[in-house]
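Chain by chain, the residues:
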Amino acid sequence: MKLTLRINGSVVEQDADPLARLSEFLRQVLGLTGLKEGCCEGECGACTILMDGAPVHACLTLIFQAHEREITTVEGLGDAGVLTDLQAQFAGAGAVQCGYCTPGIIMSAEGLLRSTLTPSDEEIRHALAGNICRCTGFETIVRAVAAEAARRCEAGC
Ligand code: FES
Ligand code: FES
C-alpha cells in the first residue's frame, strides 16, 4: 500500500505493509532510532511519539493509522546534536541514567507541555503514567518537566 506520512516536517511516501508496526517502520526503514522498542505491548512507553501533537505508543500503531497524519519523533524536536530546552532540563535535573526510557518520556512530556501550560505535579505524573523508568524513581523527571513548564511560562505562556 502506498502511504503518505508527514514525519518531522518532511513528507514521506512509501510502499509499506499497512499492518506493520509504526515503531518498526520508523526505526528500521527510516532509521529514526531515537524511539525504542521495549515491550511492543503498550506497557513501557519507550516507543512514544507524537501523532498530530498527542503522545501515542508507536508499537501499538499500525502504519496505515499514520497515513496523512503529522508524526513527530524525538529527532524532530530539535537539531541533531543539540539538546532542546526540555532535554537540557532532564540533563540538569539528573533525570537521565541509562537513558533507554528517556526519548519516550521526553515525547510524553512534550505532548503534555503543548496542551497544558502550567501542569501540576499530579498532571505531570498522570501524563507520564504510560512510561516506565527503571532507574530514576521519577522524582527528577517530574522536576525536570515542571522546570521546563515554568521556563516556557516565563518565556511567554
Ligand atoms: S515498546 Fe511500545 S509501549 Fe513498550
Ligand atoms: S533512565 Fe534507565 S530506564 Fe529510565
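Each remark here, short or long, concerns the structure printed above.
Here goes a summary of the coordinates provided. (Residues numbered from 1 in each chain as written. Chains lettered and ligands numbered in written order. Predicted model: local features only at pLDDT ≥ 70, side-chain atom pairs only at ≥ 80, totals over all residues. Heavy atoms only, no water.)

1. Quick look at the overall build of the protein
Okay, so step 1: In terms of helices and strands, the protein carries five helices and five strands.
Okay, so step 2: Listing the helices and strands of the protein from first to last along the sequence gives β-β-α-β-β-β-α-α-α-α.
Okay, so step 3: Dimensions along the principal axes, computed over C-alpha positions, put the protein at roughly 45 × 35 × 30 Å.
Okay, so step 4: As displayed, the protein has an accessible area near 7900 Å², and 49% of this comes from carbon and sulfur atoms.
Okay, so step 5: Here the protein contributes 12 positive and 20 negative side-chain charges, whose respective centroids are spaced 3 Å apart. (Helix = DSSP H or I, 4+ residues; strand = E, 2+ residues; numbered from the N terminus. Areas by Shrake-Rupley, 256 points an atom, 1.4 Å probe, with all protein chains shown as cover. Lys, Arg positive; Asp, Glu negative; His and termini not counted. Charge placed at Lys NZ, Arg CZ, Asp CG, Glu CD.)

2. Concerning the sheet that holds strand 5 (residues 70-72)
Either a parallel or an antiparallel arrangement is found when strands of a sheet pair, and the pairing is made through backbone hydrogen bonds.
Okay, so step 1: Spatially, 2-1-5-3-4 is the arrangement adopted by the five strands of the open sheet, whose pairing is mixed. The sheet is open, and its two edges are formed by strand 2 (10-15) and strand 4 (54-57), each paired on a single side. Taken over all neighbouring pairs, the strand axes of this sheet differ in orientation by 40 degrees on average, direction set aside.
Okay, so step 2: Here strand 1 (residues 2-7) pairs with strand 2 via six bridges, running antiparallel. Across the sheet, T4 pairs through a bridge with E13, a residue of strand 2.
Okay, so step 3: Across the sheet, helix 3 (residues 102-115) lies against strand 3 (48-51), strand 4 and strand 5, angled at about 35 degrees from strand 3, the strand it touches most. (Pairing = 2+ DSSP bridges. Axes fitted to C-alpha atoms, helices over the stretch in contact; angles between N-to-C directions. Contact = heavy atoms within 4.5 Å.)

3. Topic: the environment of C98
Okay, so step 1: Note that C98 resides in the loop between helix 2 (85-93) and helix 3.
Okay, so step 2: A sequence separation of 35 residues divides C98 from C133, and the C-alpha atoms of the two residues are 9.4 Å apart.

4. Considerations on a nonpolar patch on the surface
Okay, so step 1: Taken together, the side chains of M1, L19 and F64 present a nonpolar region at the surface, about 320 Å² in accessible area.
Okay, so step 2: Tracing the chain through its elements places L19 in the loop between strand 2 and helix 1 (22-29). (Patch = residues over 30% accessible without salt bridge, like charges linked within 9 Å, V, L, I, M, F, W, Y side chains within 5 Å. Salt bridge = Lys/Arg side-chain N within 4 Å of Asp/Glu carboxyl O.)

5. Topic: the pattern of salt bridges
Okay, so step 1: Evaluated as defined, the whole model comprises 11 salt bridges.
Okay, so step 2: Salt-bridge contacts for D52 lead to R69; the nearest nitrogen and oxygen are separated by 2.6 Å. Remark: R69 occurs in the loop between strand 4 and strand 5 and D52 occurs in the loop between strand 3 and strand 4; sequence separation between them is 17 residues.
Okay, so step 3: R151 is the partner of E148 in a salt bridge, and the nearest nitrogen-oxygen pair spans 2.9 Å. Placement of the pair is E148 and R151 together in helix 5 (residues 139-154), with a separation of three residues, close to one helical turn.
Okay, so step 4: For E148, a relative accessible area of 0% corresponds to the buried category.
Okay, so step 5: Given a relative accessible area of 30%, R151 falls into the partly exposed group.
Okay, so step 6: The network of salt bridges with shared partners includes D85, E110, R114, E148, R151 and R152. (Buried < 20%, exposed > 50% of the residue type's maximum accessible area, 1.4 Å probe, protein only.)

6. Comments concerning the side chain of T102
Okay, so step 1: Relative to the helices and strands, T102 is located in helix 3.
Okay, so step 2: With residues near it in sequence (within four places) discarded, T102 still touches F90 and V96.

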